[in-house]
Amino acid sequence: MRQRSGRLAVYGMQLINSVRGGVIGPLMPLFIYQLSHGSFTLASLAGSVSTLLSAVLAPLAGALVDRVGKRKVIIVASGLTGVATSYAASLVDDYRQYFAVSLAGSAVGLAGSIALSSLLADIFRREERGKMLGLYGFLSTAGSLTGNLLSAQAYSLFGLRGSIQLVSACGVMPVLLALLLDEEGGRRTARGWGLWTALRDRDLLRLLALNAVMRTPQAMSGSLLAVYFVKELGGGVAGWSRLAAAATAASLTYPLYGYVVDRVGRLRVVCGAAASWAVLYAGYYMSRDPATFALFYVIPVGNAYQLAITAMLYDVTDGRERGRLLGAFSSISSTYLFAATLLGGFLADSLGVRAVFAISSITYAAAALLIPLIAAHSHSRLKMRQQAPPRSGA
């Protein structure tokens with residue numbers, strides 16, 4: 001019963017936070033671009049502050065989660081801090097102030113994120129992780145869709161800063177739900193810190209290499225999409241909000257993807273995502289108007305990859321000091337994602353946004369061929385958990 005109430009609590013938290021993110025997601029890149037005085041490089045830097053902080057502090061945060069064990073307390077403290085700092089972000093006047101506020105909020109938010117991930121991995125049973133993560137993702141998508149539909153209206157009524165303040169205030173609701181979480185039987189009892197001992201884990205290193213191949217092109221171009229659609233293609237803020245809503249609606253296939261991850265296999269889903277992303281970014285490159293761009297933008301590729309990589313990460317951390325391993329994964333991933341985001345902004349300023357799309361497409365095409373090589377000849381748990389349940393046909 002307690003485990004069921006815990007699942008309901010995290011599902012509710014995810015739904016509410018997704019609505020909040022759906023409202024502010026289409027607007028935040030424009031706000032940061034405005035603060036950065038029209039520079040893609042500065043906007044990429046300001047927008048990736050949390051990524052930079054994660055690279056530095058994630059190992060400490062992960063070890064803290066394992067050592068303290070009170071994940072519920074960490075999650076609640078993180079949520080309250082997020083409410084305060086997101087409201088403060090709406091009051092800044094330039095990217096330097098935004099940078100400082102984001103650092104303050106992300107420091108506590110990082111520990112909360114790792115604590116929640118650790119708790120989720122305990123709550124979602126291994127043999128049904130794809131299905132449970134699929135439902136979790138479905139609620140995320142439904143919430144994001146609702147938020148996207150409200151985004152343009154929020155912008156019209158409150159503007160960029162007012163919308164950020166409204167979303168910040170609503171952050172109290174998931175904090176209240178977090179009070180219902182139960183972590184009986186899931187507390188960590190690590191005695192030491194050993195921040196980097198997780199890097200000796202070959203399963204984790206292999207997964208990090210896989211994630212680097214898949215996430216780097218996305219990080220290079222992710223912060224450019226909103227500005228490209230609004231400014232260069234002339235789609236407008238309202239048009240971007242509607243497109244974000246349409247893309248979110250197309251992503252309601254999460255439960256189906258969860259079933260595929262369980263039955264077809266994690267690695268095959270990842271390979272399919274790489275090939276699909278290659279086509280998607282080629283479409284961005286060829287687009288000359290908002291309508292053509294939109295046809296490619298709504299393709300729901302990211303869901304499949306996110307479910308597969310999350311299931312693989314939970315698989316390789318089962319029965320171990322999960323917080324420490326999740327912290328190491330977050331730190332190293334954040335390091336190369338931060339570098340990729342800055343590179344994407346620099347290339348956009350130097351060569352144009354479309355050149356970044358072309359590079360991303362080529363990288364994903366190569367990734368579809370490289371991914372099987374990264375996982376080849378592995379007898380680790382990462383290899384064994386590519387299919388769930390074990391020994392089912394791929």
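Residues numbered from 1 in each chain as written. Predicted model: local features only at pLDDT ≥ 70, side-chain atom pairs only at ≥ 80, totals over all residues. Heavy atoms only, no water.

Visitor: Which parts of the structure should I look at to understand the pattern of salt bridges?
Guide: When the charged atoms of two side chains with opposite charge come close together, those side chains can pair. Per the stated rule, a full pass over the model turns up three salt bridges. Between Asp94 and Arg96 there is a salt bridge, with the nearest N and O atoms lying 3.9 Å from each other. Where Asp262 meets Arg266, a salt bridge forms, and the shortest distance between an N and an O atom there is 3.6 Å. The class of Asp262 is buried, set by a relative accessible area of 6%. Within this structure, Asp262, Arg266 and Asp315 form a network of salt bridges that share partners. (Salt bridge = Lys/Arg side-chain N within 4 Å of Asp/Glu carboxyl O. Buried < 20%, exposed > 50% of the residue type's maximum accessible area, 1.4 Å probe, protein only.)

Visitor: Help me understand a nonpolar patch on the surface in this model?
Guide: A grouping of Leu157, Phe158 and Leu166 is seen on the molecular surface, where their side chains present a nonpolar patch of about 300 Å² in accessible area. Structurally, Leu157 can be placed in helix 7 (residues 129-169). The class of Leu157 is exposed, set by a relative accessible area of 56%. (Patch = residues over 30% accessible without salt bridge, like charges linked within 9 Å, V, L, I, M, F, W, Y side chains within 5 Å. Areas by Shrake-Rupley, 256 points an atom, 1.4 Å probe, with all protein chains shown as cover. Helix = DSSP H or I, 4+ residues; strand = E, 2+ residues; numbered from the N terminus.)

Visitor: How should the packing of helix 13 (residues 266-286) against helix 15 (residues 302-317) be read in this particular structure?
Guide: Two quantities define a packed helix pair, namely the angle between the axes and the distance from one axis to the other. It is the contact of helix 13 with helix 15, at a shortest axis distance of 9 Å, that shows an interaxial angle of 150 degrees. Note that helix 13 runs across helix 15; the crossing there is left-handed. Of the residues in helix 15, those in contact with Arg266, Val269, Val270, Ala273 and Trp277 of helix 13 are Gly302, Ala304, Tyr305, Ala308, Ala311, Met312 and Asp315. Class assignment for the residues of the contact of helix 13 with helix 15 results in nine nonpolar, one polar and two charged. (Axes fitted to C-alpha atoms, helices over the stretch in contact; angles between N-to-C directions. Left-handed = near helix turned anticlockwise from the far one by under 90°. Contact = heavy atoms within 4.5 Å. Nonpolar A, V, L, I, M, F, W, Y, C, P; charged D, E, K, R; others polar.)

Visitor: What am I meant to see in the nonpolar core here?
Guide: Across soluble globular proteins, nonpolar side chains have a tendency to be buried as a group. With 107 residues, the main nonpolar core has Met214, Trp240, Phe293 and Ile371 as its most contacted residues. Considering every element that reaches this core, the biggest residue donor is helix 13, with 11 residues. (Core = buried A, V, L, I, M, F, W, Y, C linked by side-chain atoms within 4.5 Å.)

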